[in-house]
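One-letter residues, chain by chain:
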There are 2 protein chains.
Amino acid sequence: MRKISSLFAGAAALFLSTPVLADNHDPMALQAKGLEDTVAYAITEGLTTEIGPRQAGTEAEARARDWSVKKLKALGFQNVRNEPFMMTTWVRGAETAEILSPYPQKMHITALGNSASTGDGGIEAEVAYFDSLAAMRAAPDGSLSGKIAFVTHDMHRTQDGSSYGTYGPARFIGPNLASQKGAAAYVIKSIGTDYHRNPHTGNTNFREGVTPIPAGALSLPDADNLERMIKLAAKTGTPVRMKVMMTPQNIGQQESGNVIAEVTGTDPSKGMILIACHLDSWDLATGAFDDAAGCGIITAAAKNVMDHGQPLRTIRILWAGAEEVGLWGGKAYAEKNKNQNQNHAIAMESDFGADKVWRVEYKFPEAAKDVRTEISQALSPLGISISGPPASGGADIRDIIASNNLAIIDLQQDGTRYFDLHHTPDDTLDKIDPAQLRQNVAAWSTVLSIISNSDADFTMPPKE
Amino acid sequence: MRKISSLFAGAAALFLSTPVLADNHDPMALQAKGLEDTVAYAITEGLTTEIGPRQAGTEAEARARDWSVKKLKALGFQNVRNEPFMMTTWVRGAETAEILSPYPQKMHITALGNSASTGDGGIEAEVAYFDSLAAMRAAPDGSLSGKIAFVTHDMHRTQDGSSYGTYGPARFIGPNLASQKGAAAYVIKSIGTDYHRNPHTGNTNFREGVTPIPAGALSLPDADNLERMIKLAAKTGTPVRMKVMMTPQNIGQQESGNVIAEVTGTDPSKGMILIACHLDSWDLATGAFDDAAGCGIITAAAKNVMDHGQPLRTIRILWAGAEEVGLWGGKAYAEKNKNQNQNHAIAMESDFGADKVWRVEYKFPEAAKDVRTEISQALSPLGISISGPPASGGADIRDIIASNNLAIIDLQQDGTRYFDLHHTPDDTLDKIDPAQLRQNVAAWSTVLSIISNSDADFTMPPKE
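Student: Help me understand the sheet that holds strand β9 (residues 241-246) of chain A in this model?
Tutor: Two strands in a sheet stick together by hydrogen bonds in their backbones, pointing the same way (parallel) or opposite ways (antiparallel). Residue and element names in this part refer to chain A. In space, the eight strands of this open sheet follow the order β3-β2-β9-β5-β6-β7-β8-β4, with mixed pairing throughout. This sheet does not close on itself; its edge strands, each paired only once, are β3 (105-107) and β4 (109-111). Sheet twist, expressed as the mean angle between neighbouring strand axes with direction ignored, is 30°. The pairing of strand β2 (residues 95-101) with β9 spans six bridges and is classified as antiparallel. Each residue of the ladder has a partner; that of E98, found in β9, is K243. The sheet contacts of helix α9 (residues 220-234) involve β2, β3, β5 (123-130), β6 (148-151), β7 (185-189) and β8 (215-218), and relative to β8 the element is tilted by about 95°.

Student: Quick question: what am I supposed to make of the packing of helix α2 (residues 27-34) of chain A against helix α15 (residues 434-452) of chain A here?
Tutor: A packed helix pair is summarised by two numbers, namely the angle formed by the two axes and the spacing between the axes. Residues and elements named next belong to chain A. Put simply, α2 and α15 touch, their axes get as near as 7 Å, and they point 160° apart. Taken as axis vectors, α2 and α15 run roughly antiparallel relative to one another. As α2 packs across α15, the resulting crossing turns out to be right-handed. Taking contact as the criterion, the partners of P27, L30, Q31, K33 and G34 in α2 are, on α15, R438, V441, A442, S445, T446, S449 and I450. Among the residues forming the contact of α2 with α15, the class breakdown is five nonpolar, five polar and two charged.

Student: Whenever I open this one, the domain arrangement of chain A confuses me. Can you help?
Tutor: Where the parts come together, the accessible area they lose is often given as the size of the interface. Residue and element names in this part refer to chain A. We note that the domain assignment places domain 1 (2-89 + 252-452) and domain 2 (93-247) within chain A. Computed from C-alpha coordinates alone, the two centres of domain 1 and domain 2 are separated by 35 Å. Each partner contributes residues to the interface: domain 1 has 20 residues there, and domain 2 has 18 residues. The dominant element in the side of domain 1 that touches domain 2, judged by the number of residues it contributes, is helix α14 (residues 418-421), at three residues. Of the residues assigned to the side of domain 1 that touches domain 2, the class counts are eight nonpolar, seven polar and five charged.

Student: Sorry if this is basic, but what is going on with helix α11 (residues 328-336) of chain A here?
Tutor: Side chains three or four residues apart in an α-helix point the same way, a direct result of the helix having 3.6 residues per turn. Residues A:W328, A:G329, A:G330, A:A332 and A:Y333 constitute the buried set of α11(A). If you follow the buried residues of α11(A), they end up packed against β1 (78-91), β10 (249-263), β11 (272-278), β12 (315-320) and α13 (398-404) of chain A.

Student: Which parts of the structure should I look at to understand the interface of chain B and chain A?
Tutor: In this assembly, 22 residues from chain B lie in contact with 22 residues from chain A. Of all the elements in the fold, those that place two or more residues in the side of chain B that touches chain A are α3 (39-51) and α9 (220-234) of chain B. A total of six residues in the side of chain B that touches chain A trace back to one element, the largest contributor, which is α9(B). Partitioning the side of chain B that touches chain A into residue classes produces seven nonpolar, nine polar and six charged.

Student: When you look at the relation of the copies chain B and chain A in this model, what are you seeing that I'm missing?
Tutor: For the pair chain B and chain A, the best superposition has an RMSD of 0.0 Å and corresponds to a rotation of 180° with a translation of 0.0 Å parallel to the axis. Those values place the two copies in the arrangement expected of a two-fold rotation axis. Most of the interface of chain B is mirrored in chain A: 100% of its interface residues are interface residues there too.

Student: Please explain the confidence of the model for chain A as it appears in this structure.
Tutor: Predicted coordinates in regions of low pLDDT should not be interpreted in detail. Residues and elements named next belong to chain A. With 94% of its residues at a pLDDT of 70 or more, chain A shows a mean pLDDT of 94. Contacts from residues 1-22, a stretch scored under 50 in pLDDT, to residues over four places away or in other chains number 13 contacts. Our summary of model confidence lists the complex with pTM equal to 0.93 and ipTM equal to 0.92.

Student: How do you make sense of the sheet that holds strand β10 (residues 249-263) of chain B when you look at a structure like this?
Tutor: All names here are of chain B. Here seven strands make up an open sheet; going across it, the order is β1-β10-β12-β11-β13-β15-β14 and the pairing mixed. Either end of the sheet is taken by a strand with one partner, and the two such strands are β1 (78-91) and β14 (357-363). Here the strands of the sheet are splayed against their neighbours by 20° on average, with no regard to which way each runs. Relative to strand β13 (residues 344-349), strand β11 (residues 272-278) runs parallel, the two being bridged by five bridges. Counted as the bridge partner of M272 is H344 from β13. Contacts between helix α15 (residues 434-452) and the sheet are confined to β11, β12 (315-320), β13, β14 and β15 (407-413), with β15 contributing the most and set at about 165° to the helix.

Student: Looking at this structure, I do not really get the environment of B:T247. What am I missing?
Tutor: All names here are of chain B. Considering the arrangement of structural elements, one finds T247 in the loop between β9 (241-246) and β10. A count of 19 C-beta atoms within 10 Å places T247 in the partly exposed class. As for T247 and V371, which are separated by 124 residues in sequence, their C-alpha atoms are 53 Å apart. Other than its neighbours up to four places away in sequence, T247 contacts G93, A94, S117, T118, G119 and D120.

Student: I keep staring at the pairing of β11(B) and nothing clicks. Help me out?
Tutor: Moving residue by residue along a regular strand, the side chains alternate between the two faces of the sheet. Residues and elements named next belong to chain B. Most of β11 is tucked away, with seven of its seven residues classed as buried. Across the two faces of β11 the burial is the same, with M272, L274, A276 and H278 and I273, I275 and C277 all buried. By the bridge criterion, six bridges tie β11 to β12 in an arrangement that is parallel. Bridge pairing links I273 to I315 in β12. In the classification by handedness, the crossover that spans β11, the intervening helix α10 (residues 288-307) and the parallel β12 is right-handed.

Student: Would you take a moment to explain the pairing of strand β6 (residues 148-151) of chain B for this structure?
Tutor: Residue and element names in this part refer to chain B. Residues I148 and F150 point to one face of β6 and A149 and V151 to the other, with burial holding for every one of them. Two strands pair when backbone bridges link them, and strand β5 (residues 123-130) and β6 are joined in this way by four bridges, in the parallel orientation. By the bridge assignment, A128 is partnered in β6 with A149. Direction of pairing for β6 relative to strand β7 (residues 185-189): parallel, over a ladder of four bridges. Paired with I148 across the strands is A185, a residue of β7.

Student: Explanation requested: the environment of B:V441 in the structure shown.
Tutor: All names here are of chain B. Note that V441 resides in helix α15. Separated by 141 residues in the primary sequence, V441 and A300 place their C-alpha atoms 6.4 Å from one another. The residues contacting V441, other than those within four sequence positions of it, are G34, D37, A40, I297, A300 and A301.

Student: Even after reading the chapter, I still don't get α2(A), so can you show me in this structure?
Tutor: All names here are of chain A. Those residues of α2 lying buried are P27, L30, Q31 and G34. For α2, the angular spread of the buried residues around the axis is 105°, confining them to a single face. Those residues of α2 hidden inside the fold are in contact with α10 (288-307), α12 (369-379) and α15.

Student: Help me out: how do you make sense of unusual backbone geometry in this one?
Tutor: When glycine is set aside, most residues are seen to have a negative phi, and most peptide bonds are trans. Cis geometry marks the peptide bond from B:S101 to B:P102, where omega comes out at 0°. Mapped onto the elements, B:P102 comes out in the loop between β2 (95-101) and β3 (105-107). Cis geometry marks the peptide bond from B:D290 to B:D291; its omega dihedral reads 15°. Residue position: B:D291 is located in helix α10. Of note in the backbone geometry, A:N114 takes a positive phi value of approximately 85° without being a glycine. By secondary structure assignment, the location of A:N114 is in the loop between β4 and β5. On the basis of neighbour count, A:N114 is assigned to the partly exposed category, with 19 C-beta atoms found within 10 Å.

About the cut-offs
- One numbering rule holds for all chains: residues counted from 1, following each sequence as written.
- Labels follow written order: the first chain is A, the first ligand is 1, and so on.
- Per-residue local features of the predicted model are confined to residues with pLDDT of at least 70, and side-chain atom pairs are confined, for both listing and counting, to 80 or more; whole-chain, interface and lining totals are unaffected and use all residues.
- Think of it this way: DSSP has to see at least two bridges between two strands before they count as a pair.
- Helix numbers and strand numbers start at the N terminus; a helix is a DSSP run of H or I with at least 4 residues, a strand a run of E with at least 2.
- Inter-axis angles, ranging from 0 to 180 degrees, are taken between N-to-C directions of lines fitted to C-alpha atoms, where helices are fitted over the stretch in contact.
- By the convention adopted here, residues make contact when the C-beta atoms placed from their backbones lie within 7 Å.
- Here roughly perpendicular refers to angles of 65 to 115 degrees, roughly parallel to angles under 35, roughly antiparallel to angles over 145, and oblique to all remaining angles.
- Note: crossing handedness is left-handed where the near helix turns anticlockwise from the far helix by less than a right angle, and right-handed where it turns clockwise.
- Any residue that is not Ala, Val, Leu, Ile, Met, Phe, Trp, Tyr, Cys, Pro, Asp, Glu, Lys or Arg is counted as polar, Gly included; the first ten are nonpolar and the last four charged.
- Domain delimitation in this document rests on an assignment produced automatically or drawn from a domain database.
- We call a residue exposed when 12 or fewer other C-beta atoms sit within 10 Å of its C-beta, buried when the count reaches 20 or more, and partly exposed for counts in between; the C-beta positions come from the backbone.
- The least-squares superposition of copies is restricted to C-alpha atoms, and to residues with a pLDDT of at least 70 in both copies.
- Confidence of the predictor at the level of single residues is given by pLDDT, which spans 0 to 100.
- Classification remark: right-handed applies to a crossover when, strands pointing away from the viewer, the course from the first strand over the helix to the second runs clockwise.
- Think of the arc as the fan of directions from the helix axis to the C-beta atoms.

What follows is the structure in structure tokens.
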């Protein structure tokens, strides 16, 4: 009941407060306009069609930056620029997998980012099977020596995407652990929830002093097939032997960059609103969900605000580079803007696909609680609920939030089908539902309209 | 109303007729047993897990035959045997595609069966775009000279799969036509209804005297992306250039075979019931839907009949070889059994996935109309409707039906999602819905129980 009481108190506060917005910034008018948006889809279509895959550090990402600068200028934003930075770059090579015995057949595999190479000849070895990362962790040191460790899982779809946190470590840290236990290579059931023959890539990391080993993900149907083979072969004590060939390589320091654009506010002394997405994608797909749509959504909403007249605060758009492969863009942005708290008030990011916003979350100071109430009320017609955890921000704003102690608003998107597509070849334009995309633009327009015109104090209390 | 009247007349005939079946062949008892079946799934799981892809003429198909003979013997069938035949064999090589300009990116392609090779260096050419096969047909002779012809389509899902007939010719005859018009290569939007990055393969044919050219299918998302590029580039008169590399080859005459098993009837003078599926699959997937499930369904139903006591007529199970690549197994079977009308009474096939039977169709002589009515009535509890066209049979029984003028029953499966999976890497065990698979077994058990114990005369009137 405490929760419900606080909701009612919030609503009461709203009705007592005096409107502070000029008519040309009426959030409900912008919301209605957002529901008719075409800009977000055009950006998503343009990036996926005219550029396609745009892995960080590659020539394709550079072409994407050029495209983006041109597009953001054409849309009428100010201070459009590319802020380059350097980053270490890993690129995919050839990749094949097959079961050698007792049930020979080919499988679909893709290398994880930072995987070592098997060399052109590949690696042939017995498969050591674990039904979870915890099971592999329990294996004695050295017990994986010369084997291909295979970890599976039972990940299911969740609206908030939380199963990624539960099962993702098999990718994030599994290869490092397998190497420490002596494995020749490491294979996972893709960290995903679809059943197509498209493996999910994504970064992994080897700690200093740990030898990188070849590490790849099987598609879910292949992983389940391998699991069935292992259980069947075990009945007669027969080992399952597999061949994996993956030839990725590190190509050293390459240039990436953050593309930035602004809607300048009338009062530069007010902290600005930072809104982010990431421009790079994995190499396997055109990156519609991850994250062309996010760039489309935030940009369409900022343009919507701009089209209704200059706001009080500056809105800065950050299309970050090199997110997928280590959050390089977010780090570079934070480094460039550290300890300039006065310049940033609130940070927001869109990087969870293009399905509808179902919940808003906040990390707000007490002084801004009326703004919070106003936003929640204004989002209600879009079917957006408010009971959730505090906002935590996205990957590209993580470091600027940490270094500058910023307020945060998270417009949480429905992630039910996100891990069907995430980091697979299937992340393509056809997966975008235009109606849900427009609901995102409407929600972002509503929020940006309110906060960019609010003179509330968003300064967070000092961290403990 | 004529239709409804005839249904009522049929029902009346049923109630007037005397049961001719022994209790141990009670079709409703077999139907109930079919709904609890585990044999069909076990066969589907075994073929997809222990063998996997089993392209005709390859060593994998030979392994599948050995597995099948062993399995059918273990299930208790009689006269289990492999009847070998020779066939010309085409095998896939490497395959890649990319757009070179003006929007460079890689695409997912797969070669069509009987495609020529581009050679290792591939073919680079301008794309000539057609929104339908008819549009390409209308192109002047020679106008495709040196170009890569690209044909797209607007195929949608249909319950009876009829859109395959509408749009399939772009694959069946498109390459032949493109070659006649001088094209260097031919690319289609996959003949399918899914939106995954998995192209659909399938056979094509070049007529005698027409030079085979490289012919491949793009995944649907890739084809739509290419179409967007072409339309965008056309605004500035810019040609779209593409590179295709596919290196399939013909490896000449190879051995395939039909695996046959029987439930012998008490009266060898009565014509037998031929039930068919095909054992071979395309090379891209484990062939669960196409057609391990079909073999599972017919075999589980025949075993259900056998387990309830010896039927009057022999049921012959045909797991045909080499269906996908030219119906070699069905042709070999018909050749071996031609002009032996007395030995075959009725032919049936299951080769349209594993989703529920929604309609029964017949090609029956007038003399057997009471049997038809009895079958229709008995299938009704399974939700199977009866208003449809005459039965036409499946690919593997086409030739024996034609040469021996056989009666036919078609248990039509729901094909709504069939062309999401057909000939793609996605045709894997996880696509099987066990409940719908069991409904198939129940329907087949019901029908087989009735017809294998019927002494009606199924002889078709002579063809005109």
